[in-house]
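# Close look at the chain arrangement
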Amino acid sequence: MTSWTIANVRPWGGPPVDLTIDGTRIAGVLPAGTAPPTGEVVDGRGLLALPGFVNAHAHVDKSWWGRPWVSYGGVATTQGRIEHERAERDRYGIPGVEGTVAVLREFLRHGTTATRTHVDVDLGVGLRGIEAVREAAQRLGGAIDVEIVAFPQDGVVRRPGVLDLLDQAARAGATSIGGIDPASIDRDPVAQLDGLFAIAERRGVGLDIHLHDGGELGAFQYELIIDRTLRTGLQGKVTVSHGFALGELAPERQRALLDDLGAAGISWATVAPVRTAPLPWRGMAERGIGLGLGTDGIRDLWSPFGDGDMLRIALGFARLHGLRADDELTAAVELATTKAAPFVHRDRHDLVAGVRADVVLIDAENVPDALVRVPARALVVAGGRVVARDGEPLLDA
């Protein structure tokens, strides 16, 4: 399809319209029944229309999706999971192209059309995981936009040579580099952050730092990140992933940190895991602190859970934060769609003329109804192509 129309759909539950598509872009949004008869017309049947979902925090290189069941093993701590993964990943072909393709097809099936994925870069795999993810995305013909964060899961300064690998990854086109728990993993937060920020400055890439440490230890590291962001002029290019401590702090301490995070233009990515403290998401929004949702790992050596459905992640966010009102439930879906545009370097991501044609149709009365029921996606359009119908992917790879 080059020029075609999705007729009679309800963007965000509003009045019915016709979406005209030209190539990879939405060409027009017209009142239903008024689109010019150009190309094929797909009957949208009055379904709810949403922009494609954006997965702002994934690990598509790690999954054993599509393989026989892998039982959970190892020690249930961050360091324990790292060690278990390092010991077992080769036997399951991780990282690999086929497993990554399987995960990306699940993303598309559920309506995710863009993702920011952390890809392990360490002394064992080098840059092989990045190569596998790129090949997997190419096999799917670019249907899903994939941005890569070169991620040092096994630590940074405690593993001599990792900083050089991160620099190589940035030089080779990774849009961001990552870090992990500068205090509790590397036990030298100053050295880790100095090394990461130096690469980001030199290569012009972003930073996305996994930070699991709680309480004041987590808050201390936020302060270090804020300081370096301001000193290096990297406002708007730094993200904290997880950042559980932010929800654990006393209100006054939390508000002061939010002010500083907003001033530094630092964004946040969360997978809204159960049994964690709710984030001060309203205060973050008031200060312009970007907040994105993601799946984290899916059926990997860290956890058997996950199915790649960002609508389900948005539901988890709503439940964790006690959201009930229609506007709040809609806001949770916006975090997984329009509000996540900066995480994949898009100026705008919505059902409007001029943007990439990423459209998801759902049989639901309105956005809150879709969120609480999580129905199968009736139709998924990615970059102007129909890639899934009735919950099933249409792309072979």
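Residues numbered from 1 in each chain as written. Predicted model: local features only at pLDDT ≥ 70, side-chain atom pairs only at ≥ 80, totals over all residues. Heavy atoms only, no water.

## Description of the nonpolar core
Membership of the largest hydrophobic core comes to 93 residues, with the highest contact counts inside it found for Ile177, Ile225, Ile266, Trp268, Phe317 and Leu371. Listed in part, the 20 residues of the second largest apolar core include Val9, Ile26, Leu47 and Ala378. (Core = buried A, V, L, I, M, F, W, Y, C linked by side-chain atoms within 4.5 Å. Buried < 20%, exposed > 50% of the residue type's maximum accessible area, 1.4 Å probe, protein only.)

## What to know about the packing of aromatic side chains
Tallying each qualifying case throughout the model produces three aromatic pairs. Here the aromatic rings of tryptophan 64 and tryptophan 69 are separated by 5.2 Å at their centres, their planes lie at 80°, and the arrangement is edge-to-face. For tryptophan 64, a relative accessible area of 0% gives the class buried. On the numbers, 6.2 Å between centres and 75° between planes, the contact of tryptophan 281 with phenylalanine 317 is edge-to-face. Pair noted here: tryptophan 281 is in helix H8 (residues 281–286) and phenylalanine 317 is in helix H9 (residues 310–320), with a separation of 36 residues, a long-range link. Here the two residues tryptophan 281 and phenylalanine 317 agree in accessibility, since each one is buried. Taking NZ or CZ as reference, arginine 299 lies 4.8 Å from the ring centre of tryptophan 65, over its face. (Phe/Tyr/Trp six-rings, centres within 6.5 Å; stacked < 30°, edge-to-face > 60°. Helix = DSSP H or I, 4+ residues; strand = E, 2+ residues; numbered from the N terminus. Lys NZ or Arg CZ within 6 Å of the ring centre and 35° of its normal.)

## Let's talk about the pairing of strand S3 (residues 25–31)
For a regular strand, side-chain orientation follows a simple rule: the groups alternate between the two sheet faces. The sheet contact formed by strand S2 (residues 17–22) and S3 spans six bridges and is antiparallel. Counterpart to threonine 20 in the pairing with S3 is glycine 28. (Pairing = 2+ DSSP bridges.)

## Details of the pattern of salt bridges
What the rule picks out here adds up to 31 salt bridges. For arginine 356, the salt bridge goes to aspartate 145, with nearest N and O atoms at 3.9 Å. One end of the pair, arginine 356, is in the loop between helix H10 (326–335) and strand S13 (359–362); the other, aspartate 145, is in strand S7 (residues 145–151), and 211 residues separate them in sequence. Since its relative accessible area comes to 14%, arginine 356 is described here as buried. Notably, a salt bridge pairs arginine 228 with aspartate 194, separated by 3.0 Å at the nearest N-O pair. Within this pair, whereas arginine 228 is found in helix H6 (residues 215–232), its partner aspartate 194 is found in helix H5 (residues 189–203), the two being separated by 34 residues in sequence. Classification of arginine 228 by relative accessible area gives buried; the value is 8%. When its relative accessible area of 39% is taken as the criterion, aspartate 194 is described as partly exposed. Three or more residues are tied together by salt bridges with common partners; here these are Lys62, Glu85, Arg86, Arg89, Asp120 and Asp122. (Salt bridge = Lys/Arg side-chain N within 4 Å of Asp/Glu carboxyl O.)

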